[in-house]
There are 2 protein chains.
Amino acid sequence: MNIRPRTRATSFDVAALAGVSQSAVSRAFTPGSSLAEEKRLRIIEAARKLNYVPNSIARSLTTQRSNIVAVILGNTANPFYLQVLEAFMHRLQAEGRQVLTFTVENGGESDEAILRVLRYQVDGVILTSAQLSTRMVSLCHDRGIPVVLFNRYIPGSDASGVRCANAEGGRQIATAFLAAGARSFAMIKGDPKGTTSQDRARGFVDRLMEAGIGRDAISELEGHSVYDGAHEAVVREFRDGRTKIPDAIFGINDIMAMGAMDALRQRFSLKVPDDVMIGGFDDIAEARRFPYRLTTVRQPIGQMVDETLAILHLDEPHRPIEPGRDVVVPGRLIWRRSIPAPRGDGETKGA
Amino acid sequence: MNIRPRTRATSFDVAALAGVSQSAVSRAFTPGSSLAEEKRLRIIEAARKLNYVPNSIARSLTTQRSNIVAVILGNTANPFYLQVLEAFMHRLQAEGRQVLTFTVENGGESDEAILRVLRYQVDGVILTSAQLSTRMVSLCHDRGIPVVLFNRYIPGSDASGVRCANAEGGRQIATAFLAAGARSFAMIKGDPKGTTSQDRARGFVDRLMEAGIGRDAISELEGHSVYDGAHEAVVREFRDGRTKIPDAIFGINDIMAMGAMDALRQRFSLKVPDDVMIGGFDDIAEARRFPYRLTTVRQPIGQMVDETLAILHLDEPHRPIEPGRDVVVPGRLIWRRSIPAPRGDGETKGA
DNA sequence: TTGAAAGCGCTAACAT
DNA sequence: ATGTTAGCGCTTTCAA
């Protein structure tokens, strides 16, 4: 407590104090390396005395592995992605890896972010809800850094992606609406450049049209993937009273469904689901709460995270990067209160 | 596109291609270093051809600066801290720094997290809502790494902290309740080890007692700083009908106020503010929305982030670390609907 | 302005 | 099992 070293102890300092060679110190901190137990203990003790902490930066320089994974977030306004970030942090931390976090504008280009994380020799890059040029993908792949898109895919790209069965999910919501008797619809779409929004909308519309619903009975609003965007879109669309409020509204993601729901109640004093039914997608924690109790398609975050990490194969750095895999996992419809349940089966577990 | 280098180009490769020395390449990527403009251009061009990206890991090894700041999150279930993380990411990214993110159990020990980020030679550590042993603080300070606690302080500790005027905020909520005519109260407290919760509660109680309210008219619930915790605490407390529901409930933070509000409405069919009034703290985005419209004390996140970064003084690595500063910034009461406004001034801007 | 050379703290052959 | 040594890719004196 008295002396302030002012400078960090190195493995040499520890070696000197413990009376061993520097490489012994290195070995003492490398699980699985051969070192006499007695010696290891002596080294650990010396290290403790000197407040020695191994320098991972130096380590990375020689091993060519940083143990750092970059997570680039494209839409922090959507709690879903924060939940995803949390899941990645937990998993990666448990494996002894570090997470370097980045945000880019909602749905914006992540090229600059990639360039920056590349400098830090990250072992892998995870991208959520952000655009990515193919040039950046090959830049990463050329240096042996796998890139995986979470909840996105770029057709024909070298980058792999993990996503939910979006079109199928859209269909599920459509089916639920139909079962509840809806005949006119609106959907609030998100980022027009993102495949996620497109796919969900496509599945939704396809299913409706299969049921004989006309295209003109399905209107489209732009909510820009955020709460306020959906809120404003709804107010704007129905404010003048000339546009009839549809029987059912599909928010392409929960946060927009919530924005729409609040707008409907606040500005038009409508009841959900009595006056309008609403469906969402994601199953974020917020949407499960009392004021919303949103019927939605749950994205299995845990499973998607697992798949993402599997593609990254951080443990086997030398395994070649598999190009352009597109892993899709099924979502699950969670019945809550925002769509009347067909045969009164009410709220499913998970509410 | 044809050749896959399989190995990253180094400054030597670039130097060779550009016909200059390796140090020239280094200078070309170091703003402010003296290098003929013509040469710099040639180097940049060669670098582009080789897809060269400077290796920050190697750079850090010599400069002893990593340009990485660690953010350790102690309660990711509270959106407030995610908002804080976002703010830090924005600010730090804009300055060209990287953010290494960590989560620890809600209110848990962050010692292990510190040890891990220390290995990466981070330039500074920001801690939100987590406990920290004084030993870790000196470990960091001894190596010249400043630590600052966000929204927390440890009396007598060497670690600096930035926080809101918590006690004063608690007083403001109490004053608002009193003005609205409340005479019986409950407060939902968070992490009992955290000073934040304690301070807010203290200010709240002090103010009430000054107004002649008896200590027995103020009950205390434990909400563990999370939505569900507050929800359950409220249900548990009032379920049997023997405990009278108070006039006003203070959620020590917004997310708990929301949980309480939902419990009151869902389980006891109570109206807010007609039957119970509710006050919060933080002013998170969720609490501003239609179903909640919570009257709360806004924490000026931007200002707090500024103060935090000022203490970190990342630009002047050699300036000594100022020990144990405790910066407190004032919060502001935001009137919304969960407490009846005294003279009908209703919703303040920011609703 | 430019290049040569000495490290930064560590790992990993290699030799013992 | 342990020590010696040669780098990892960069920055930074120091000379020229």
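Residues numbered from 1 in each chain as written. Chains lettered and ligands numbered in written order. Predicted model: local features only at pLDDT ≥ 70, side-chain atom pairs only at ≥ 80, totals over all residues. Heavy atoms only, no water.

Engineer: I'd like a rundown of the nonpolar core, residues and numbers included.
Structural biologist: The tendency in soluble globular proteins is for nonpolar side chains to be buried side by side. Phe177, Phe185 and Phe204 of chain A together with Phe177, Phe185 and Phe204 of chain B are the most contacted members of the largest nonpolar core, which totals 153 residues. Residue contacts for Phe204 of chain A: discarding those within four places in its chain leaves Gly170, Arg171, Ile173, Ala174, Phe177, Phe185, Ala186, Met187, Ile218 and Phe250 of chain A. Residues Leu100, Ala113 and Ile145 of chain A together with Leu149 of chain B belong to the second largest nonpolar core, which totals 50 residues. (Core = buried A, V, L, I, M, F, W, Y, C linked by side-chain atoms within 4.5 Å. Buried < 20%, exposed > 50% of the residue type's maximum accessible area, 1.4 Å probe, protein only. Contact = heavy atoms within 4.5 Å.)

Engineer: Lay out the domain arrangement of chain A with the relevant residues and their values.
Structural biologist: All names here are of chain A. By domain assignment, chain A separates into domain 1 (11-54), domain 2 (65-164 + 301-329) and domain 3 (166-300). Taking the mean C-alpha position of each, domain 2 and domain 3 sit 29 Å from one another. With 19 residues of domain 2 in contact, the opposing surface of domain 3 contributes 21 residues. Both sides of the domain 2 and domain 3 interface together cover about 1,600 Å² of buried area, and 46% of this is carbon and sulfur. Where domain 2 touches domain 3, the interface holds 2 salt bridges. A salt bridge links Arg163 to Asp199, with the nearest nitrogen and oxygen atoms 3.6 Å apart. The interface formed by domain 2 and domain 3 holds 10 residue pairs in polar contact (both at pLDDT 80 or more) in total. Taken together, the elements giving at least two residues each to the side of domain 2 that touches domain 3 come down to α5 (79-94), β5 (160-164) and α13 (301-312). When residues in the side of domain 2 that touches domain 3 are grouped by element, the largest group, 4 residues, is from α13. (Domains from an automatic or database assignment. Buried area = accessible area lost by both parts, 1.4 Å probe. Salt bridge = Lys/Arg side-chain N within 4 Å of Asp/Glu carboxyl O. Polar contact = N/O pair within 3.5 Å; in protein donor to acceptor, adjacent residues only side chain to side chain. Helix = DSSP H or I, 4+ residues; strand = E, 2+ residues; numbered from the N terminus.)

Engineer: Now, about the protein's contact with DNA strand C: what can you tell me, with residues and values included?
Structural biologist: Around DNA strand C, 25 residues are found, and the nearest of them are Ser11, Gln22 and Ser26 of chain A together with Ala36 and Thr62 of chain B. Sugar plus phosphate: this is where 70% of the atoms of DNA strand C within 4 Å of the protein reside. At 2.5 Å, a backbone N or O of Ser11 of chain A approaches a phosphate oxygen of DNA strand C. Here a phosphate oxygen of DNA strand C sits 2.6 Å away from a polar atom, N or O, in the side chain of Tyr52 of chain A. Only α2 (22-28) and α4 (56-63) of chain A together with α2 (22-28) and α4 (56-63) of chain B provide two or more residues apiece to the surface near DNA strand C. No other element matches the 5 residues that α4 of chain A contributes to the surface near DNA strand C. Tallied by class, residues from the surface near DNA strand C come to 8 nonpolar, 13 polar and 4 charged. (Near = heavy atom within 4 Å. Nonpolar A, V, L, I, M, F, W, Y, C, P; charged D, E, K, R; others polar.)

Engineer: Tell me about the relation of the copies chain A and chain B, and please be specific about residues and values.
Structural biologist: Superposition of chain A onto chain B requires a rotation of 180 degrees combined with a translation of 0.0 Å along the rotation axis, giving an RMSD of 0.1 Å. Look at the turn and shift together and you get a two-fold axis relating the two. Taking C-alpha positions as reference, the residue of chain A nearest the rotation axis is Leu100 of chain A, located at 2.3 Å. Taken together, the interface assignments show that 98% of the residues at the interface of chain A recur at the interface of chain B, consistent with an identical surface on both copies. (Least-squares fit on C-alpha atoms with pLDDT ≥ 70 in both.)

Engineer: Could you give me a rundown of the UniProt feature "domain: HTH lacI-type" (unreviewed entry) in chain A, with the residues and numbers involved?
Structural biologist: Residues given the UniProt feature "domain: HTH lacI-type" (unreviewed entry) here are residues 9-63 of chain A. Secondary structure within residues 9-63 of chain A divides into 67% helix and 0% strand; the distance between the first and last C-alpha atoms comes to 21 Å. (UniProt positions renumbered as here; feature names shortened; annotations may be inferred.)

Engineer: Account for the confidence of the model for chain A, with residues named and values stated.
Structural biologist: Caution applies to low-pLDDT regions: their predicted coordinates should not be interpreted in detail. Residue and element names in this part refer to chain A. When the pLDDT values of chain A are averaged, the result is 93; 96% of them are 70 or greater. Across residues 1-5, confidence stays below pLDDT 50; counting only partners more than four residues off in sequence or on other chains, it has 5 contacts. With pLDDT under 50 throughout, residues 346-351 is counted as low confidence; its partners more than four residues away or in other chains account for 14 contacts. (pLDDT = per-residue confidence, 0-100.)

Engineer: So what's going on with the sheet that holds strand β9 (residues 277-282) of chain A? Which residues, and what values?
Structural biologist: Residue and element names in this part refer to chain A. Pairing in this open sheet of 6 strands is mixed, and the strands run β7-β6-β8-β9-β10-β12 from one edge to the other. Only two strands of the sheet have a single partner each, and these edge strands are β7 (218-222) and β12 (332-334). Geometrically, the sheet is characterised by an average inter-axis angle of 20 degrees between neighbouring strands, direction not taken into account. For strand β6 (residues 185-189) and β7, the ladder comprises 5 bridges, and the chain directions are parallel. If you follow Phe185 over to β7, its bridge partner there is Ile218. Sheet strands touched by helix α10 (residues 227-238): β6 and β7. Its angle to β7, the strand with the most contacts, is close to 130 degrees. (Pairing = 2+ DSSP bridges. Axes fitted to C-alpha atoms, helices over the stretch in contact; angles between N-to-C directions.)

Engineer: So what about the interface of chain A and chain B? Which residues, and what values?
Structural biologist: The partner chain B presents 62 residues to the 63 residues of chain A that form the contact. Both faces combined, the contact of chain A with chain B buries some 6,200 Å², and carbon together with sulfur accounts for 52% of it. Interface area lost by chain A to chain B is led by Arg8, Ile57 and Tyr120 of chain A, which between them contribute 13%. Counting across the interface, chain A meets chain B through 0 salt bridges. Where chain A packs against chain B, one counts 20 residue pairs in polar contact (both at pLDDT 80 or more). Sorting the residues of the side of chain A that touches chain B by element identifies α4, β1 (68-73), α5, β2 (98-103), α6 (111-119), α7 (134-142) and α11 (254-268) of chain A as the ones contributing at least two each. Looking at side-chain class alone, the side of chain A that touches chain B contains 28 nonpolar, 19 polar and 16 charged residues.

Engineer: Which residues make up unusual backbone geometry, and what are the values?
Structural biologist: All names here are of chain A. The omega torsion across Val272 and Pro273 is 5 degrees, close enough to zero to call that bond cis. As for its position among the elements, Pro273 is in the loop between α11 and β9. For Gln64, which is not a glycine, the phi torsion comes out positive at approximately 70 degrees. You can see Gln64 is positioned in the loop between α4 and β1. Here Asn67, not a glycine, exhibits a phi torsion of approximately 65 degrees, which is positive. Position of Asn67 among the secondary structure elements: in the loop between α4 and β1.

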